[in-house]
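Commentary on secondary and tertiary structure
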Amino acid sequence: MASEEKTTANSLWGGRFAVGPAEIMEKINASIDFDKILYAQDIRGSKAHCRMLMAQNIISAKDGEQILTGLDQVKAEIEAGNFTYDAKLEDIHMHVESRLTEIIGEAAGRLHTARSRNDQVATDFKLWVRDAMDQMDLALKALQTTLVAKAEKNADVILPGFTHLQSAQPVTFGHHLLAYFEMFTRDRDRLRDARGRLNECPLGAAALAGTSFPIDRFLVADDLKFRKPTANSLDSVSDRDFALEFLSIAAICATHVSRLAEEIVLWSSAQFNFIALSDKFTTGSSIMPQKRNPDAAELCRAKVGRIIGALNSLLVVMKGLPLAYSKDMQEDKEATFDAANAFALIIAAMTGMIDDMTVNEDSMTASTQNGFITATDLADWLVRVLNMPFRRAHHVTGTLVALAEDKGCDLDGLTLAEMQGVEPEITQDVFTVLTVESSVASRTSFGGTAPDQVRAQVKAAQKRIE
C-alpha cells in the first residue's frame, strides 16, 4: 500500500502526472515547515475569495456557507494544535484545502475557482508582511517613547561628543539619545511609505493572466482591507518588492539598533563607565567573577547580520527571474520570517536596555576634561569677538592646543599671558567660553545640544511619536 501511494500523483494538482515525485523532490519542493505560519492569512484570504464567489453567483450560497464554516474549523484545529501536517501536501495552501475537503466533501473543490496558488500565495504573503510592518511600527514607537523619556531626564548631563571616536565637542546625553530618535523616525516613515505601496491586492490575478470568471476584485480587496486590486496580473503574481522593501527597512533600522548597541557596549565598559546595565540585560563570566558582560547589546549588534543576509538572499533570488512566477520565489519566505523574528527581538531588547540603563553623570562629565574639547568654542570666540577670519582662528586655536598639550593641561589651564603670546588681542573674557557648561549652553541653534534646545526637542518628539 505504501509503495502504491508512492506512485500516485498529488491529488490536488496531479491530474497531468502518472506517478508521484521522487522522495528528494518532495523534500526540496515542500515549504510547509516554514509557510505554515501563514495559516491565518491563507484562511482569511480564502474566506474573502469565497464571499466574492458567492456574491457573484459563481458558487452557490449553500456551497459557500459550507466552505466558510469548514475554514473556521480548520483554523480552530490549527490554533488548538490538533492539525496534522504532511510534506506530501507541500504547503499551507494545500493543507488547508485538503483538510477542508475532508470536513465538507466535494464543495471544498469549488473554493479554488478563479484563483491560483500563485495569486493566493502572493496575497497571503502580502497580508503577513503588512501585519509584520504594523507590529514593527508599534515596536519602534515603544522604543522611541523610551528614548525620549531617557533624553528628557538627561537634558543637562554633559558628555563628550565624538568624531572618529575622538573627543570633539561637548554635548548633552539627552541630545545624543535624540539622535537615535531621529533615525527611528525615518525608519517609521519608510514603513509608512512602503505599506502604502504594498497595500494592493493580488487575489484574482490567478496564475498570471487573470480569469474568465466574472469576479469582483475590488470586493475582495475591500474585504481584506487593501486599497485596491493590483493593476497587472503578471506583476501581481511575480512581485516581491513588498518583501524586499520590508527587509530593506528592517536592515536599515537594524543597523541603527546596532550602532546604538555598539555605543552601549562602549559606554558600559570600565574604560568609559558612562552607563551601567542591571542583571536583567547582562551576564557573567564562567571564569572571571568580576565580569558584567553587555550580552544583550552584543547580540543586538550581531543579529543585524541575519537581517541584512535575508535582504541579500531575496535580492539574489529575484534578480534573474523572468515573468511571471517561478518556484525560486518559494525562497522568499523563510529568510523573511527569520528576519522579522530577529528584528522584533532586537527592538524589544534595545527598548529594555534603554529603560534599564543607569547614567553615570560624574564619569560622563569627567571625560570631557580630556581632548581639548572646547577648542571649537575658542575658535568661535576669536571669530566673534576679535573679528578674525575663521581659517586664521582655526590656526591660532591649533597653536594654543599644541601649547596646552606640551604643558600637560587643558585649554583653560593656559594663562592669559601664554595665550597672548600666540595672539596678543586675546582677553580675559576668553575663559568664559572654555568650560564645557558654557560650550553646551551656547549651542542654541535649532537642533543644537543646548539643554533648552533638548527640552524643546523632547516636546516636539513626544508629539511626533504619534
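The structure we're discussing is the one just above.
So, here is what we can say about the structure in this document. (Residues numbered from 1 in each chain as written. Predicted model: local features only at pLDDT ≥ 70, side-chain atom pairs only at ≥ 80, totals over all residues. Heavy atoms only, no water.)

**Here we look at the pairing of strand β2 (residues 166-172)**
We count it as follows: Here, any two strands with at least 2 DSSP bridges between them count as paired. Helical segments are the DSSP runs of H or I of at least four residues, strand segments are the runs of E of at least two, and each set is numbered from the N terminus.
Bridging between strand β1 (residues 158-163) and β2 involves 6 bridges; their strand directions are antiparallel. Residue pairing in the sheet places Thr163 in a bridge with Gln166 of β2. The turn linking β1 back onto β2 is made up of 2 residues, and His164 within it adopts a positive phi angle of 60°.

**Some points on the packing of helix α8 (residues 173-198) against helix α11 (residues 241-267)**
Convention followed: A fitted line through C-alpha atoms represents every axis, and for helices the fit uses only the stretch in contact; the resulting angles, taken between N-to-C directions, go from 0 to 180 degrees. Working rule for angles: under 35 degrees goes down as roughly parallel, over 145 as roughly antiparallel, 65 to 115 as roughly perpendicular, anything else as oblique. Between two residues, a contact is recorded if the distance between any of their heavy atoms is within 4.5 Å.
Running from amino to carboxyl end, α8 crosses α11 at an angle of 170°, the nearest separation of the two axes being 9 Å. One way to sum up the angle between α8 and α11 is to call them roughly antiparallel. For the pair formed by α8 and α11, the contact residues are Phe173, His176, Tyr180, Met183, Phe184, Asp187, Arg190, Leu191, Ala194, Arg197 and Leu198 on the first element and Phe242, Glu245, Ile249, Ile252, Cys253, His256, Val257, Arg259, Leu260, Glu263 and Trp267 on the second.

**Thoughts on a nonpolar patch on the surface**
Applied cut-off: Patch criteria: residues need more than 30% relative accessible area and no salt bridge. Like-charged residues are merged within 9 Å; nonpolar side chains of Val, Leu, Ile, Met, Phe, Trp and Tyr are merged within 5 Å. All accessible areas in this document rest on Shrake-Rupley with a 1.4 Å probe, and a residue is counted as covered only by the protein chains that are shown. Definition used for salt bridges: Asp or Glu carboxyl oxygen within 4 Å of a side-chain nitrogen of Lys or Arg. The buried label goes to any residue with under 20% of its type's maximum accessible area, the exposed label to any with over 50%, and the partly exposed label to all in between, with areas taken from a 1.4 Å probe on protein chains only.
Together, Leu208, Leu234 and Leu323 line one region of the surface with nonpolar side chains, adding up to about 270 Å² of accessible area. With respect to the element layout, Leu208 can be found in the loop between β3 (200-201) and α9 (217-223). Looking at Leu208, the relative accessible area reads 38%, which means it is partly exposed.

**Details of the pattern of salt bridges**
Overall, the coordinates contain 26 salt bridges when judged by the stated rule. Between Arg117 and Asp91 there is a salt bridge; the shortest N-O distance is 2.7 Å. Of this pair, Arg117 sits in helix α7 (residues 117-153) while Asp91 sits in the loop between α5 (61-80) and α6 (92-104), and the two are 26 residues apart along the sequence. Since its relative accessible area comes to 24%, Arg117 is described here as partly exposed.

**Quick look at helix α15 (residues 375-386)**
The condition is simple: Here, expected helix span is obtained from the residue count minus one, scaled by 1.5 Å.
The end-to-end C-alpha distance of α15 is 16 Å, a good match for the 16 Å that 12 residues give at a rise of 1.5 Å each. Those residues of α15 lying buried are Ala375, Asp377, Leu378, Ala379, Trp381, Leu382 and Leu386. In the segment just after α15, Asn387 is the residue with positive phi, at about 60°.

**With respect to the packing of aromatic side chains**
As a reminder, the rule being used: Side-chain rings of Phe, Tyr and Trp, where Trp is taken by its six-membered ring, are said to pair if the distance between their centres is within 6.5 Å; with planes under 30 degrees apart they count as stacked, over 60 as edge-to-face, and otherwise as tilted.
Tallying each qualifying case throughout the model produces 7 aromatic pairs. Their ring planes at 70° and their centres at 5.5 Å tell us that Phe125 and Phe242 sit as a pair that is edge-to-face. Residue Phe125 is found in helix α7, and its partner Phe242 is found in helix α11; the two are separated by 117 residues along the sequence. Each member of the pair, Phe125 as well as Phe242, carries the same accessibility label: buried. Seen in terms of ring centroids, Phe173 and Trp267 are 5.3 Å apart; in terms of plane orientation they differ by 75°. Their pairing is edge-to-face. Of this pair, Phe173 sits in helix α8 while Trp267 sits in helix α11, and the two are 94 residues apart along the sequence. Among the residues examined, Phe173 registers a relative accessible area of 0% and is labelled buried.

**Here we look at the environment of Ala151**
Inspection of the secondary structure assignment puts Ala151 in helix α7. Each C-alpha atom, one on Ala151 and one on Gly174, is 3.8 Å from the other, the two residues being 23 residues apart in sequence. In this structure Ala151 touches Gly174, Leu177, Leu178, Val454 and Val458, once residues within four positions along its chain are discounted.

Purely geometric numbers; function is a separate question.
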